[in-house]
Amino acid sequence: MNLSNLFSQETVNKGRQPAFDLCKTLCIVLMILCHVFYAIKYSTTESLNATYIAHNLVRLLGAQFFMFSMGMGLAYSRNDTAKCCARRGLILLLTGYMLNFLREILPWMVTGNYPMFGSIMTNDKFLMLLSCDILQFAGLAFLFFALIKHLKWSNLTIFIVTLCITVIGAFCTNEITVKLTPDKFYYSFVGLLIPIKNFTISDYVCFSFSNWIIYPVVGWLFGKALKRCHNLDTFYLCLLGVSLPIFLLAWAAFDAVGKNMWLILMNPVVYHQQNPVILAVYMNIIAVAISVAHLLSIRLTKFKFWDVIQHLSSELPTLYIVSWIVIGWLGAWLKYNHKFLTKDFEDIFFVFVGVIAVSEIYIYIKNKYKNRVKEKNEIKESKNTKETEFVSQ
């Protein structure tokens, strides 16, 4: 079968993509569950208990798909000009640092306790404020999109440049030492662009631009192609037919050299500082996930609970930010009161549900306020229109 026959020259596939709604919902649920572990004391014993599995599943379909879907969302967005991308990038950068203050610094100042139970990186609150998480990377990614749209590069040029940046990131991971940045103050800036060898990844920078930019770029290119696909069922079956055997072959190849691919992918340093081989494995996992999600969504969209999935997917950025703030204050409160939860999955799940509930209450209030403002503006515009018509008569 000629795959080119699946695509048209013009846009034929518009609107929401159920497969991505399903994957994004799973993604945010796993991410919040994983973040809950950082706020309460837990065991990371490599066993097959529910807690360990739930904690590590996020590394299979977490930040990678988050960034991939962000790129795809941009491809479907009408606000995709260079100016819009630059504005969104700057807002995301600012939001990332504001989140650092609200989830870590402020509860730390109020309670005198660092919110997370993980090893504290520094007692310097200013350095912690500058630590870089996924929102800072997302901001840089949008600034990169602003640049390539301003320069009007072709898709091929964009892909080649992105590959070159990825290779540079892999080289820096293996060659650059912390001697180039002896002062910890600079880690937050150098590491945001390129990874640093021997650098404890969870300390200051979790997502370096050069290691992760390929995910939103490939997601964007994928989205641009998907908009022209007029037979999604056949396309995703073909994608699954290619990606699943490759994934199984990769697993067998790791096993043949005495490596456990599951444990390698679960390693936090491997997860954040990805070399090209690991990156290719994760890309393949994304391809398998969205293909399976499409096949499932064909059936699931007929059920009433699909509205919940769409809601969680559309509110993913807000859920991410609000849940982190709730988790940060929860961790600080637990440490302040010397309360420690067990590693049992029931305790983790109880806290997880509470975090989701608080986040949803905020979203409900936010949406209600926005709708009220929108209604007032519509009434005002309607009134002005009537007055204008009356004067003209």
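Everything numeric in this text was worked out from a predicted model, so none of it was measured.

Here the focus is the overall build of the protein. A tally of helices and strands in the protein yields 17 helices and zero strands. Counting over 393 residues, the protein shows a buried share of 46%. Here the analysis covers contacts within the protein between residues at least 6 apart in sequence; of these, 78% occur between residues at least 24 apart. As displayed, the protein offers around 20500 Å² of accessible surface, 65% of which is attributable to carbon and sulfur atoms.

Right, let's get into the pattern of salt bridges. In total, this model carries five salt bridges according to the counting rule given. Where Lys 149 meets Asp 80, a salt bridge forms, and the shortest distance between an N and an O atom there is 3.8 Å. Here the residue Lys 149 occupies a position in helix α6 (residues 134–151), and Asp 80 occupies one in the loop between α3 (63–76) and α4 (82–111), the gap between them amounting to 69 residues. The structure contains a network of salt bridges with shared partners spanning Arg 103, Glu 104 and Asp 133.

With that out of the way, let us pick up the confidence of the model for the protein. Mean pLDDT over the protein stands at 82; residues scoring 70 or higher make up 80%. Under a pLDDT of 50 for its full length, residues 42–48 has, in the predicted model, ten contacts with residues more than four places off or in other chains. Between residues 177–182, whose pLDDT stays under 50, and residues either more than four places distant or in other chains, the model counts ten contacts.

Before going further, it helps to spend a moment on a nonpolar patch on the surface. Judged by side-chain polarity, Phe 101, Leu 102 and Met 109 come together as a nonpolar surface patch covering roughly 250 Å² of accessible area. Here Leu 102 lies in helix α4. Assessed through its relative accessible area of 30%, Leu 102 is described here as partly exposed.

Counting 90 residues, the largest nonpolar core has Phe 20, Tyr 215, Phe 222, Leu 265 and Tyr 320 as the members making the most contacts within it. Top contributing element to this core by residue count: helix α1 (residues 18–39), with twelve residues. Beyond its immediate stretch of four places on either side in the chain, Tyr 320 contacts Ile 28, Met 31, His 35, Phe 66, Leu 99, Asp 133, Ile 134 and Leu 135.

Attention now moves to the packing of aromatic side chains. Evaluated as defined, the whole model comprises 17 aromatic pairs. Residues Phe 303 and Phe 305 carry aromatic rings whose centres are separated by 5.8 Å and whose planes lie at 15 degrees to one another, so their mutual orientation is stacked. Accessibility expressed as a relative area gives 48% for Phe 303, which makes it partly exposed. Put simply, the rings of Phe 7, Phe 20, Phe 65, Phe 68, Phe 222, Phe 235 and Tyr 236 pair up and form one aromatic cluster. Above the face of the Tyr 76 ring, Lys 227 is positioned so that its terminal group lies 6.0 Å from the ring centre.

Cut-offs applied
- Residues numbered from 1 in each chain as written.
- Predicted model: local features only at pLDDT ≥ 70, side-chain atom pairs only at ≥ 80, totals over all residues.
- Heavy atoms only, no water.
- Helix = DSSP H or I, 4+ residues; strand = E, 2+ residues; numbered from the N terminus.
- Buried < 20%, exposed > 50% of the residue type's maximum accessible area, 1.4 Å probe, protein only.
- Contact = heavy atoms within 4.5 Å.
- Areas by Shrake-Rupley, 256 points an atom, 1.4 Å probe, with all protein chains shown as cover.
- Salt bridge = Lys/Arg side-chain N within 4 Å of Asp/Glu carboxyl O.
- pLDDT = per-residue confidence, 0-100.
- Patch = residues over 30% accessible without salt bridge, like charges linked within 9 Å, V, L, I, M, F, W, Y side chains within 5 Å.
- Core = buried A, V, L, I, M, F, W, Y, C linked by side-chain atoms within 4.5 Å.
- Phe/Tyr/Trp six-rings, centres within 6.5 Å; stacked < 30°, edge-to-face > 60°.
- Lys NZ or Arg CZ within 6 Å of the ring centre and 35° of its normal.

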